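# Residue-level structural notes
Now for the letters of each chain:
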Amino acid sequence: MALRIDGLTVTARLRKGTQNIVSDLSFWAEEGETLAIVGESGCGKTMTALAVMGLLPTNCVAFGSVRLDGEELIGLPERKLRALRGRKICFVPQSGAEFLDPTMKISAQLYESLARQGVARKLRREVAIERLTRAGAEDAESFLARYPFELSGGQAQKAVIAAACCDSVRLLIADEPTKGIDREGADAFLGNIKQLFPHAAVVVITHDISVAADADRVLVMLNGHAMELGAASEVLNSPRHPYTRSLIAALPSNGLEARSSLREPSPSGCPFYAECPSAQNRCAAFLPPAETAEGHMTRCFLC
Ligand code: SF4
């Protein structure tokens, strides 16, 4: 198994005290598998990714276990983590354009990356064109001749992915990779990633349910907790958890209004207590345990 996370908890030191941003999170991703993490802003998706990469802000600390190919990453010295990032762990950011040097042509930036990977000088143009094409660029040769400001958001994203592509990558984390790019580019994103990184486990953080639908499995998070985890087709087409149902029902494409709070949030109970139409008294007092049946996990007293 490429990535295995057990009991990951991220605690932040804030002015008002300490707070768990991610609580007792467990999931895995096999080689060649895509896991989509979905949830509203602030649910802990990005902090989970930062914890896996060892890039948490200085006021945060991670506990639990994050293993990549069996190697424990929590507590690994920064020097070793830095060596893993870029070689075994690849990160695709929200805005590709911000990761590109505005003063350098795409060709120079790709050749620099290929040089770091040990690709011989005379092969770099050919390899760069091949990777851009696999990343979904329609006219890779003209891509190479352009500066970042001459690319659209989706094109910049493809250039970043092509630069990051490397056979040794075992874990690719993409944070809102389709934000700001057109529908066509968004729909093609996961297919392109799978082609370029066939040996990697892919974790994609997204608000875009159509991107999540292309993943193998989906993890739904709320207030730092895993609420539902299962095959993408099951979680998105037949959600078992009240929160997942609410999240999907509130999609603009379903024409429904955002959810409204009915009760006070419960600090010790279920994170969905305040808005859950099925809430009971015990939901306010106790956090429901994560229960798994036939490979499908839910955290709800009633599921
Ligand atoms: S545990 Fe209770 S409040 Fe939470 S989702 Fe289930 S029924 Fe709703």
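Note: the structure precedes this text.
Residues numbered from 1 in each chain as written. Predicted model: local features only at pLDDT ≥ 70, side-chain atom pairs only at ≥ 80, totals over all residues.

## Quick notes on the packing of helix α4 (residues 106–116) against helix α5 (residues 124–134)
The description of two packed helices rests on the angle between their axes and on the distance between the axes. As a packed pair, α4 and α5 sit with axes 10 Å apart at the nearest point and diverge in direction by 105°. Taken as axis vectors, α4 and α5 run roughly perpendicular relative to one another. Facing Ser107, Leu110, Tyr111 and Leu114 of α4, the residues of α5 in contact are Arg124, Val127 and Ala128. Of the residues belonging to the contact of α4 with α5, the class tally is 5 nonpolar, 1 polar and 1 charged. (Axes fitted to C-alpha atoms, helices over the stretch in contact; angles between N-to-C directions. Helix = DSSP H or I, 4+ residues; strand = E, 2+ residues; numbered from the N terminus. Parallel < 35°, antiparallel > 145°, perpendicular 65-115°, else oblique. Contact = placed C-beta atoms within 7 Å. Nonpolar A, V, L, I, M, F, W, Y, C, P; charged D, E, K, R; others polar.)

## Describing the packing of α4 against helix α7 (residues 153–164)
At a minimum axis separation of 8 Å, α4 and α7 run at an interaxial angle of 25°. With respect to each other, α4 and α7 are oriented roughly parallel. The residues of α7 that touch α4, namely those facing Ile106, Gln109, Leu110 and Ser113, are Ala159, Ala162 and Ala163. Split into classes, the residues belonging to the contact of α4 with α7 amount to 5 nonpolar, 2 polar and no charged.

## Considerations on the sheet that holds strand β2 (residues 17–29)
Read from one edge of the open sheet, 4 strands run β2-β1-β4-β5, paired in antiparallel fashion. The open sheet terminates on both sides in strands that have one partner only, identified here as β2 and β5 (71–72). Looking at chain direction, strand β1 (residues 3–14) and strand β4 (residues 60–68) are connected through 8 bridges and run antiparallel. When the sheet's bridge partners are listed, Ala12 is paired in β4 with Cys60. Here helix α1 (residues 45–53) sits on the sheet and contacts β1, β2 and β4; the angle it forms with β2, its principal contact strand, is near 75°. (Pairing = 2+ DSSP bridges.)

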